[in-house]
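Structural characterization, general
Spelled out, the chains give:
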Amino acid sequence: MSSVTQKKGFGAHVWDYLTTVDHKKIAIMYLAAGTLFFAIAGFEALLMRIQLMFPESTFISAGLFNELLTMHGTTMLFLAATPLLFAFMNAIVPLQIGARDVAFPFLNSLGFWLFFLGAIFLHLSFFLGGAPDAGWTSYASLSLYSPGHGIDFYILGLQISGAGTLISGINFIVTIITMRAPGMTFMRMPLFTWTSLVSSSLILFAFPPLTGGLFLMLVDRMFGANFFDHTMGGNTIIWEHLFWIFGHPEVYILVLPAFGLFSEIIPVFARKRLFGYSSMVFATILIGFLGFMVWAHHMFTVGLGATANAIFAVATMAIAVPTGMKVFNWILTIWGGSIKVTVPMLYALGFIPSFVAGGVTGIMQATAPLDYQLHDSYFIVAHFHYVIVGGIVTALFGSAHFYWPIMFNRTLNHKLGVLTFWVFFTGFHLTFFLQHFLGLMGMPRRVFTYMDGQGWDLFNFISTIGAMMMGVGVILLVVDVLLSIKSEPVNRRDYWGDGRSLEWAIETPLPFYNFKQTPLVRGYDPYWIEKEEGNKEGMVYAEPLGEIHMPNNSILPLVMSIGTFIAAFGALYSPWGDQVQAGTAPGTSPAVSLALIIGGLGLTIACMIIRSFKDDLGFHVTVKEIEAIEADLAHYRATGKKGGSK
């Protein structure tokens, strides 16, 4: 039965989402969870900016400032930007390649629940003794000596959450390589699918070093090992290498899908084919490759030596070439186009100069002597946020407006969207542009207060006003989302009128199987080709109407994730931990700790065994059922009433 004809109570809806393996519903869950953590991290940033609004402020304490600083960075990168991009990858990539779901729907659900419960575990630290306070990089020289359980929450929470991200990345690689519709060659794939493929490949290679580093940190703190303790023969620099081998590609893991999203938005509203498609694909792959070659430019001040610094400086400068190719291609796509200035296009137009500013200041940092001067200053804060907010957050906001009709069969309000854009965009530049000058004037980053009379007061005051405007912008977007619930359903394909790829060829609301017949792709921009030839259905088919095989829902991914959640508490309160032994953090008895660890992991392993031995072959939707569902959907689109075939 289609979602249109099903009538469910609240409990049935909750159970449906707890057990779903449908990529479209998992996308909504990623969107909701990512928005929650985005709001939390934004609130943390606002508290820090209020503290820095005036010199010698006592709004919050130094200790709380360190916790907010750490949780803001960690949450924004791991628990907000990543899941929000996964939301669009889940919602759009299978539709763009003509697939009915991802390759491993069960693992897709498991990836989400691991991410979500890992994030919840990390945030429980605020209520269970204190959040981590060593910065989002959690350098070992600070982490090893941080009292309490804050760093332990960081290690265990990111291990669980990171496992979910790794699983999801592998899933998208397999999906894109193996599940493309007939005729969808690699060089006919939409740019968002290409960037999702490269980004997922980066996840595959970048997350294992972080996992390894977190494991070494775990045994250092909980079992007295000394991998990073220089007083016992360890080396704290090893952590920095492991972290940045992950940390720098992480920026590209986030920004490449953002590039892909803008590469979808700009051609639609410029009403032109994307300029230089082949070079955009080549640039995406090259950025992904070079992203692994530049991690040590975060460590120029460590003292790696002139040769190492020179090699990483050159590699960093080289990455500007493919990035510049992309910028020129976006501009040349707009150039001469019949431009329609919608809300998504506003974000695209705002993104280009903002991201270029962040990229240029990044290239400045590739010069090691300059980096020595600016490394620990607010200049870096400004550069980083111009990349993350100017590049990624604008992509998320613009894409929310762009893809809302497909994801929810509703639209976001145009006027409210324009107002949101200008409030948020103005606030963004007020917040971070002046921070370049604060850095050049010598203001160090990560400080919770500063003395009066250093010339920093006015810029910090304006910066905080800008942050408040950004907060207002986010609230306006949330209001827009809530208002859209009561808006009229779209009930059509190609809402913007100039869609080019397959996702726009399907009428909304989408059936749960996406395509009643597998489409046949006849070129790049397949939907545009069909429209040009007068095909009102928007696609031709590679097969006659037949039975559709779909996966069954399952509660096992949630139960498996709960098992790791329980085991993490057993490890956290282990009586053998260094901080418990030192008396700076509470512990529990060996029996309770072991019971939680063994019980939690046992629950996870039991679910894996059940899954391995249970023959879950999914189900088939018969031709008769497909015809009934399609009739129901057609009736609903025409009349707005459900259950037309009954």
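Before reading further, recall that the structure is shown in the block above.
Bear in mind that the values here come from a model prediction, so they are computed numbers and not experimental data. Residue positions are given per chain, counting from 1 as you read along its sequence in written order. Per-residue local features of the predicted model are confined to residues with pLDDT of at least 70, and side-chain atom pairs are confined, for both listing and counting, to 80 or more; whole-chain, interface and lining totals are unaffected and use all residues. With hydrogens and water excluded, all non-hydrogen atoms of the structure serve as input to the side-chain values.

Moving on: the overall build of the protein chain. A run of H or I in DSSP becomes a helix once it reaches four residues, and a run of E becomes a strand once it reaches two; helices and strands are each numbered from the N terminus. If you tally the helices and strands in the protein chain, you get 21 helices and four strands. It only takes one pair of heavy atoms within 4.5 Å for two residues to be counted as in contact. Long-range pairs, those at least 24 residues apart, make up 82% of the contacts in the protein chain with a sequence separation of at least 6. Mean positive and mean negative side-chain charge positions of the protein chain (33 and 37 charges, respectively) differ by 12 Å. Under the counting rule used here, the positive set is Lys and Arg, the negative set is Asp and Glu, and His together with the chain ends is not counted. In plain terms, the charge of a residue is placed at NZ if it is Lys, CZ if Arg, CG if Asp and CD if Glu.

What follows is about empty space enclosed by the protein. Using only the protein atoms, space was sampled on a 1 Å grid; points where a 1.4 Å probe fits but cannot get out form cavities, open sets with protein on both sides within 12 Å along at least five of seven lines form pockets, and lining residues are those with an atom within 4 Å of a point. Grid points are joined across faces, edges and corners, and a volume is the space filled by probe spheres set on the points. Summed over all chains, the structure comprises five cavities of 30 Å³ or more. Its volume calculated, the largest cavity comes out at about 70 Å³. Looking at the largest cavity, the residues that line it are Pro190, Leu191, Ser263, Glu264, Pro267, Val268, Leu274, Arg500, Ser501, Trp504, Tyr524 and Asp525. Looking at the lining of the largest cavity element by element, the count peaks at four residues for helix H8 (residues 236–270). Counted by class, the lining of the largest cavity contains seven nonpolar, two polar and three charged residues. Each residue gets one of three labels, nonpolar for Ala, Val, Leu, Ile, Met, Phe, Trp, Tyr, Cys and Pro, charged for Asp, Glu, Lys and Arg, and polar for the others, Gly among them.

Okay, the packing of aromatic side chains next. We call Phe, Tyr and Trp rings a pair once their centres come within 6.5 Å, taking the six-membered ring for Trp, and we label the pair stacked below 30 degrees between planes, edge-to-face above 60, and tilted otherwise. Going through the model one piece at a time under the given rule, you end up with 57 aromatic pairs. Ring centres of Phe112 and Phe116 lie 5.8 Å apart, and the angle between their planes is 10°; this geometry places the pair in the stacked category. With a gap of four residues between them, Phe112 and Phe116 both fall in helix H4 (residues 105–123), about one helical turn apart. Residue class for Phe112 comes out buried when judged on its relative accessible area of 4%. Taken together through their ring pairs, the aromatic side chains of Phe38, Tyr347, Tyr386, Phe397, Phe421, Trp422, Phe424, Phe425, Phe428 and Phe432 make up a single cluster. Against the face of Tyr17 rests Lys25, its NZ or CZ located 5.9 Å from the ring centre. Burial here depends on accessible area, computed with a 1.4 Å probe over protein chains only, as a share of the maximum for the residue type. Under 20% is buried, over 50% is exposed, and the range in between is partly exposed. Here, a charge over a ring means that NZ of Lys or CZ of Arg falls within 6 Å of the ring centre while also lying within 35 degrees of the ring normal.

A few words now on the nonpolar core. Buried residues of nine kinds, namely Ala, Val, Leu, Ile, Met, Phe, Trp, Tyr and Cys, make up a nonpolar core once their side-chain atoms join them within 4.5 Å. In terms of nonpolar packing, the biggest core is built from 154 residues, with Trp330, Ile392 and Tyr403 touching the most fellow members. At 18 residues, the largest contribution of residues to this core is made by H8. Sequence-distant contacts of Ile392, defined by excluding residues within four places in its chain, comprise Ala81, Leu85, Leu254, Val255, Ala258 and Val387. Within the second largest apolar cluster, twelve residues are counted, among which are Leu52, Phe65, Leu68 and Trp456.

Quick look at the pattern of salt bridges now. Whenever Lys or Arg places a side-chain nitrogen within 4 Å of a carboxyl oxygen from Asp or Glu, that contact is recorded as a salt bridge. Within the structure shown, the criterion is met by 15 salt bridges. Note that Glu530 and Arg522 form a salt bridge whose closest N and O atoms lie 2.9 Å from each other. Taken together, the shared-partner salt bridges in this structure form one network comprising Arg271, Lys340 and Asp498.

Residue position: Ser501 is located in the loop between helix H16 (457–485) and strand S1 (519–520). Using a relative accessible area of 4% as the deciding quantity, one classes Ser501 as buried. Under this definition, polar contacts are N or O atom pairs within 3.5 Å; protein pairs additionally need one hydrogen-donor-capable and one acceptor-capable atom, and for neighbouring residues in sequence, both atoms have to be side-chain atoms. Among the polar contacts made by the side chain of Ser501, one reaches the side chain of Glu503 at a distance of 2.8 Å.

This part is about the packing of helix H7 (residues 191–223) against helix H9 (residues 277–290). Inter-axis angles, ranging from 0 to 180 degrees, are taken between N-to-C directions of lines fitted to C-alpha atoms, where helices are fitted over the stretch in contact. Packing of H7 against H9 brings their axes to within 10 Å, and their N-to-C directions diverge by 15°. The angle between H7 and H9 falls in the class roughly parallel. Two packed elements cross with a definite hand, and for H7 against H9 that hand is right-handed. Seen from H7, the contacting residues are Leu191, Trp194, Thr195, Val198 and Leu202; seen from H9, they are Tyr277, Met280, Val281, Thr284, Ile285 and Gly288. Roughly parallel means an angle under 35 degrees; roughly antiparallel, over 145; roughly perpendicular, 65 to 115; everything else is oblique. Definitions for this section: a left-handed crossing has its near helix turned counterclockwise from the far helix by less than a right angle. A right-handed crossing has that turn clockwise.

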